[in-house]
Amino acid sequence: MKKLPFVIILILILCSCSNQFDSEKWLKEPEKRSSMVYDLINKYELEEMTETQIVDLLGKPEQIVEEPFREYVYYLGRAGLGVDDSLFRLKFNNDGELESYKITSD
């Protein structure tokens, strides 16, 4: 019975580690990105980054939209009941600096 609190704490620690952003894991396991994206947002000053810095950190996006503005789209996995895709969208200005970002379901 004394081991139960220790086991619960260990499980909580292990679960919290899996949500931490890891650039290598982001690149190799795109289906796990949704669990890392909020740590990424909290850990990095994304608004101060350029397109080149974003690609260095996250790799090449799955999609680049040119019109009506330049936007990188990264796949985060299935959203909700698995019908829609969850996407991380990063909008850049004409100087290649990150202007805004959002998470959407399409």
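Okay, so let's go over this structure. Remember, predicted model here, so these are calculated numbers, not experimental data.

1. Notes on the pattern of salt bridges
Consideration 1: For the structure shown, the criterion picks out nine salt bridges.
Consideration 2: Between K28 and E24 there is a salt bridge; the shortest N-O distance is 3.3 Å. With K28 and E24 both in helix α2 (residues 23-28), this residue pair falls four residues apart, about one helical turn. With respect to burial, K28 and E24 carry one shared label: exposed.
Consideration 3: A salt bridge links K91 to E99; its shortest N-O distance comes to 3.4 Å.
Consideration 4: The exposure class of E99 is partly exposed, given its relative accessible area of 43%.
Consideration 5: Each member of the salt-bridge network shares a partner with another, and the members are E51, E66 and R70.

2. A few points about helix α4 (residues 51-58)
Consideration 1: Taken residue by residue, α4 has E51, I54, L57 and L58 as its buried positions. Buried residues of α4, seen end-on, are gathered within an arc of 130 degrees and therefore sit on one face of the element. In α4, the exposed residues that point more than 90 degrees away from the buried face are T52 and D56.
Consideration 2: Those residues of α4 that are buried are in contact with α2, α3 (37-43), β2 (70-79), β3 (84-92) and β4 (98-105).
Consideration 3: Downstream of α4 by a residue or two, G59 has a phi angle that is positive, lying close to 85 degrees.

3. Some remarks on the side chain of R89
Consideration 1: By secondary structure assignment, the location of R89 is in strand β3.
Consideration 2: Its relative accessible area of 14% is what places R89 among the buried residues.
Consideration 3: A polar atom in the side chain of R89 sits 3.1 Å from the side chain of E71.
Consideration 4: A distance of 3.0 Å separates a polar atom in the side chain of R89 from a polar atom in the side chain of T104.
Consideration 5: Dropping the residues within four chain positions of it, R89 is found in contact with E71, Y72, V73, S100, Y101, K102, T104 and D106.

Criteria and cut-off values
Per-chain numbering applies: the sequence of each chain, read as written, is numbered from 1 onward. This being a predicted model, a pLDDT of at least 70 is required before a residue's local features are given, and a value of 80 or more before pairs of side-chain atoms are given or counted; all residues contribute to the totals for chains, interfaces and linings. Side-chain figures throughout are based on the complete set of non-hydrogen atoms in the structure, without hydrogens or water. By definition, a salt bridge exists where a carboxyl oxygen of Asp or Glu is found within 4 Å of a side-chain nitrogen of Lys or Arg. By the criteria applied, helices consist of DSSP H or I runs no shorter than four residues and strands consist of E runs no shorter than two, each listed in order from the N terminus. Relative accessible area decides the class of each residue, using a 1.4 Å probe on protein chains only: under 20% of the type maximum gives buried, over 50% gives exposed, and in between gives partly exposed. The arc under discussion is defined with respect to the helix axis, by the directions toward the C-beta atoms. Should any heavy atoms of two residues lie within 4.5 Å, those residues are counted as being in contact. We define a polar contact as two N or O atoms separated by no more than 3.5 Å, with the added condition that, inside protein, one atom must be a possible hydrogen donor and the other a possible acceptor, whereas residues neighbouring each other in sequence contribute only through side-chain atom pairs.

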